[in-house]
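Coordinate inspection notes
The lines below spell out each chain.
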Amino acid sequence: MLQWLFRGLRHGIVTSAYPRNPEPAPPGFRGRVLVLDKADAPQRLEDVCPTGAIRVREGRVALDRGRCVLCGACVAAAPERFVFVSDYETAARRRAALVVGDTSATPLEEVMPTLGDRSRTLRRSIHIRHVDAGSDGAEEWEIQALTNPYYDMQRLGLFFTPSPRHADVLLVTGGVTESMREPLLRAFEVMPEPKAVLAVGTDACSGGFSAAAGEVAGGVDQVLPVDVYVPGSPPAPIAILHGLLLAAGVVTREAAAA
Amino acid sequence: MSAERATGAATEPRQFLDGVSFEEEAALAPERRLRVAVEDVARATKVLLEAGGHFSGLFQPGSDSALRVLVALRGELIVLRAPLDGERSYPSLSRITPAALFPERELHDLSGIVSLDHPQLEPALRPNADELRRVVTGPETFVIPYGPIRSGVFEAIQYPIDTGGEDVLALSVRPYFKRRNLEQRFAGLSFEHGAYLAERIAGVASVAHALAFSQAVERAAGIEPPRVAERWRVVHAELERTANHLDVGIKLAEDAALSVGVSRLGALKEEVMRLRARLCGSRFGRGVVVPGGLGSEPLLSKGEVVRAIDAFERDYLRDRKLLLRTSSFTDRLIGTGALDSETIIRYGGVGPVARACSLGIDARLERPYGSYGRLGFRIARATSGDAMGRFEVRLEEIDQGLHMIRQAVEQTDSESNDFRRELPGADGEACGWAEAPMGEVVYWLALDGQQIREAHIVSPSLRNWPLLSESYRGDVLTDVSFIEHSFGLSPAGADR
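My aim in this report is to walk through the structure given alongside it, one point at a time. (Residues numbered from 1 in each chain as written. Chains lettered and ligands numbered in written order. Predicted model: local features only at pLDDT ≥ 70, side-chain atom pairs only at ≥ 80, totals over all residues. Heavy atoms only, no water.)

1. Looking at the overall build of chain A
A tally of regular secondary structure across chain A gives seven helices and ten strands. For chain A, the C-alpha radius of gyration of 19 Å lies close to 18 Å, the compact-globule estimate for 258 residues. A buried classification covers 59% of the 258 residues belonging to chain A. By sequence separation, contacts in chain A at least 24 residues apart represent 76% of the contacts at least 6 residues apart. Approximately 10300 Å² of chain A is accessible, and the part contributed by carbon and sulfur atoms is 52%. Side-chain charges of chain A comprise 27 positive and 30 negative groups, with the mean position of each set lying 6 Å from the other. (Helix = DSSP H or I, 4+ residues; strand = E, 2+ residues; numbered from the N terminus. Rg over C-alpha atoms; globule rule 2.2 N^0.38 Å. Buried < 20%, exposed > 50% of the residue type's maximum accessible area, 1.4 Å probe, protein only. Contact = heavy atoms within 4.5 Å. Areas by Shrake-Rupley, 256 points an atom, 1.4 Å probe, with all protein chains shown as cover. Lys, Arg positive; Asp, Glu negative; His and termini not counted. Charge placed at Lys NZ, Arg CZ, Asp CG, Glu CD.)

2. Description of a positive patch on the surface
Taken together, the side chains of A:Arg10, B:Arg314, B:Arg318, B:Lys321 and B:Arg325 present a region of like positive charge at the surface. It is helix H8 (residues 302-325) of chain B that contributes the most residues to the positive patch, four residues altogether. Within the element layout of this structure, B:Arg314 appears in helix H8. (Patch = residues over 30% accessible without salt bridge, like charges linked within 9 Å, V, L, I, M, F, W, Y side chains within 5 Å. Salt bridge = Lys/Arg side-chain N within 4 Å of Asp/Glu carboxyl O.)

3. Topic: the interface of chain A and chain B
Tallying the contact residues gives 61 residues for chain A and 67 residues for chain B. Taken together, chain A and chain B are joined by five salt bridges. At the junction of chain A with chain B, the criterion picks out 26 residue pairs in polar contact (both at pLDDT 80 or more). The set of elements that each furnish at least two residues to the side of chain A that touches chain B consists of helix H1 (2-10), strand E6 (126-132), helix H4 (138-144) and helix H5 (178-189) of chain A. Top contributing element to the side of chain A that touches chain B by residue count: H5(A), with seven residues. Taken together, the residues of the side of chain A that touches chain B sort by class into 33 nonpolar, 15 polar and 13 charged. (Polar contact = N/O pair within 3.5 Å; in protein donor to acceptor, adjacent residues only side chain to side chain. Nonpolar A, V, L, I, M, F, W, Y, C, P; charged D, E, K, R; others polar.)

4. A closer look at the pattern of salt bridges
Residue and element names in this part refer to chain B. Following the criterion strictly, the structure yields 53 salt bridges over all chains and no others. The closest approach of N and O atoms between Glu 435 and Arg 355, which form a salt bridge, is 2.9 Å. Taken together, the positions of Glu 435 in strand E13 (residues 426-436) and Arg 355 in helix H11 (residues 351-355) put the pair 80 residues apart, joining distant regions of the chain. In this pair, the class of Glu 435 matches that of Arg 355, namely buried. What you see here is one network of salt bridges that share partners, running through Glu 23, Glu 25, Arg 35, Asp 64, Arg 68, Arg 81 and Glu 429.

5. Comments concerning unusual backbone geometry
In this structure, A:Pro234 follows A:Ser233 across a cis peptide bond, with omega equal to -10°. Structurally, the position occupied by A:Pro234 is in the loop between strand E10 (228-230) and helix H7 (237-248). Along the chain, B:Gly147 connects to B:Pro148 via a cis peptide bond; the corresponding omega equals 0°. Positionally, B:Pro148 belongs in the loop between strand E8 (142-146) and strand E9 (159-163). In this structure, A:Asp40 takes a positive phi of about 50° despite not being glycine. Looking at the element boundaries, A:Asp40 is found in the loop between strand E1 (32-35) and strand E2 (54-57). Its relative accessible area of 70% is what places A:Asp40 among the exposed residues. Positive phi is not limited to glycine here, since B:Asp85 has a value of about 45°. Secondary-structure assignment places B:Asp85 in the loop between strand E5 (76-83) and strand E6 (89-91).

6. Regarding the nonpolar core
Ranked by size, the top nonpolar core spans 155 residues in total, and within it A:Phe82, B:Phe186 and B:Tyr443 carry the most contacts. In terms of residue count, the dominant contributor to this core is helix H6 (residues 227-255) of chain B (13 residues). (Core = buried A, V, L, I, M, F, W, Y, C linked by side-chain atoms within 4.5 Å.)

7. Examining the sheet that holds E5(B)
All names here are of chain B. Here five strands make up an open sheet; going across it, the order is E1-E2-E5-E4-E3 and the pairing mixed. Of all the strands in the sheet, just strand E1 (22-25) and strand E3 (54-59) have a single pairing partner and so form its edges. Each adjacent strand pair in this sheet contributes to an overall mean axis angle of 25°, direction not counted. Where strand E2 (residues 31-36) and E5 come together, five bridges link them in parallel fashion. What sits directly across from Arg 35, in E5, is Arg 81. (Pairing = 2+ DSSP bridges. Axes fitted to C-alpha atoms, helices over the stretch in contact; angles between N-to-C directions.)

8. Some details on the layout of surface pockets
Taken as a whole, the largest pocket encloses approximately 890 Å³ of empty space. Lining the largest pocket are 33 residues; nearest its centre among them are B:Phe102, B:Arg105, B:Gln120, B:Ser172 and B:Val173. Contributing elements (two or more residues each) for the lining of the largest pocket: helix H2 (101-111), strand E10 (168-171) and helix H14 (460-470) of chain B. The leading source of residues in the lining of the largest pocket is E10(B), at four residues. A class-by-class count of the residues in the lining of the largest pocket yields 20 nonpolar, five polar and eight charged. Considering only enclosed or pocket space, the second largest pocket measures out at about 630 Å³ in volume. Residue lining of the second largest pocket: 33 residues in total, with A:Gln144, A:Thr147, A:Phe160, B:Val153 and B:Glu254 positioned closest to the centre. Broken down by secondary-structure element, the contributors of at least two residues to the lining of the second largest pocket are E6 and H4 of chain A together with H6, helix H7 (259-280) and helix H15 (480-487) of chain B. The element contributing the most residues to the lining of the second largest pocket is H7(B), with seven residues. Considered class by class, the residues forming the lining of the second largest pocket number eleven nonpolar, 13 polar and nine charged. (1 Å grid on protein atoms, 1.4 Å probe; cavity = no way out; pocket = protein on both sides within 12 Å on 5 of 7 lines; lining within 4 Å. Points joined across faces, edges and corners; volume = space filled by probe spheres on them.)

Written out as structure tokens, the structure is:
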């Protein structure tokens with residue numbers, strides 16, 4: 001055991017200082033897609049996207065990051081219009097905020113108060129329960145990565161709990177299959193108030209690829225009220241951490257809607 | 001009965017289908033297509049399995065209403081095609097091999113085709129978590145519905161465990177809680193979009209799925225990707241394997257309450273994930289493998305990759321040595337969840353689960369694809385068949401993987417910028433395969449010019465899962481998580 005202790009100490013501190021210091025993503029990282037030029041787009045641009053994230057209305061492009069699986073098909077087809085940004089902070093508290101360049105009037109969505117606003121004690125110690133409702137399995141890896149020494153979410157007072165009865169935050173992955181709808185609802189119902197729901201990953205935000213296959217509800221918000229959306233296929237650990245801190249009210253900076 | 005042959009078939013009539021009449025149809029080696037009558041399909045499968053074949057899959061494409069049975073035999077992939085001709089039933093394959101149990105239930109749910117005398121032909125694809133079936137009945141036994149939501153960050157799957165309190169009397173496996181119907185989603189997609197979807201079937205094996213898919217398209221189109229692209233594919237596939245095997249290590253160390261071990265292995269896995277992100281922009285190697293070659297050029301130079309691999313290996317070897325000397329860890333694995341090679345063969349098991357029973361089942365060597373035929377490596381094997389054996393296989397595969405990455409990177413020509421070949425249209429059907437970290441994944445595709453007409457996936461996780469029920473011989477409840485994690489399977493991949 002002593003040897004393990006030395007082995008652990010040998011490496012010094014590798015832990016990120018996020019959110020105190022920004023955590024830059026490596027160059028070339030596919031964090032989100034930025035629309036450089038929204039005007040004069042041909043209608044067929046819509047067909048470039050396999051998940052229907054790109055819409056063209058009267059020549060103007062809108063990109064729904066809640067549907068985008070970051071495959072890069074649009075970046076390859078129209079590099080003058082679309083470009084990847086290496087950025088981790090992609091989460092937003094409103095679904096509409098994920099739609100980039102939408103010119104049509106969007107209905108005003110209600111933003112739920114953060115956990116910190118609802119209860120002052122819930123800013124420093126938050127217990128998290130994860131439920132998989134039909135992900136591809138990658139999101140689970142990135143959520144679990146939050147406990148490794150590089151992210152160490154315990155330093156921010158974030159803990160996983162086995163029971164939803166002790167949980168303040170529900171992390172949901174996947175577009176919600178029929179078989180998981182009931183177990184998911186039950187887990188949510190037994191959570192004490194105040195509670196928050198995070199939709200983690202593009203599948204959880206909209207169903208992603210699976211939306212058109214008819215077996216999923218098409219996003220967690222079709223089943224439960226969602227506090228924070230974390231798009232990405234899958235979102236990186238820092239992106240999930242950003243979403244958690246957004247729900248807690250510890251950080252307020254949301255994804256830039258550009 | 002006499003063996004018939006299609007005129008012009010290049011190979012000699014094979015003895016292995018003796019006693020069953022069949023007709024050989026044209027196919028690109030090492031695939032072999034044999035047409036049999038639907039009433040003979042079970043008998044033909046039996047003959048192939050008795051000849052040393054390994055059952056891999058069963059499905060029915062909607063486009064031509066004929067059953068397909070896939071069997072791997074001596075370096076070839078035999079595709080039996082049995083036209084239904086209006087029949088709605090066929091003799092059950094589950095009576096011959098338990099590997100067909102789940103595929104036959106799937107087939108029944110999706111197309112209503114009945115496998116005659118299937119032992120349990122009930123709906124599978126939309127399980128209800130509350131409906132439990134007792135396997136063992138007795139006054140002092142009960143069922144623990146373990147899942148679909150379990151403690152910890154795990155994917156959804158249910159294991160109803162029959163127990164008397166401590167001993168595991170029986171453990172059933174109920175997949176499909178997260179079935180997203182993604183095979184059907186392939187219909188009408190372009191080749192490139194199809195690769196992006198394949199990456200999202202089993203997210204932790206994105207590269208392997210994209211490889212199997214892309215190789216099926218490439219084989220149908222009759223092209224080979226540039227050599228340099230094939231080498232980079234190896235780099236990504238082996239990094240993926242390393243990350244998956246380390247993930248199994250993390251979960252096992254967590255089960256053994258070895259927290260520093262969890263941290264160290266977690267750090268090692270994170271280093272691999274970060275290397276992958278620096279190399280291609282995705283922590284899961286997504287967007288790299290597309291039909292025709294690479295979807296994006298490597299963002300790191302040869303030297304940078306080799307340096308990163310060297311640094312990783314130095315750390316990894318120290319942790320590995322320490323881990324294998326920690327008896328509180330190894331004691332929990334030795335003798336736990338033991339399987340023997342006959343059971344593995346009977347169930348058509350693949351991947352590290354099979355290799356831990358000293359079976360040489362590995363698609364990279366059975367039917368070499370891409371650069372694997374030109375790289376020097378050996379199959380990692382263990383003889384014990386238990387959780388420890390499976391873990392040892394994984395550790396050796398990490399060593400071999402790092403070795404292959406160095407070889408592949410050394411051979412990449414830094415001047416060559418030809419990463420992708422133009423794909424002509426392709427028609428007809430073709431299979432593609434790749435050795436994913438959990439075992440061989442096979443894609444069967446029907447193509448229509450520049451589009452996918454239909455896709456079926458033979459998932460290694462679904463093939464191995466029934467073996468989990470077989471691996472409880474005198475084990476207790478606290479062994480359940482060790483055995484499950486030592487299998488290292490992907491619910492998303494099994495459910496599709």
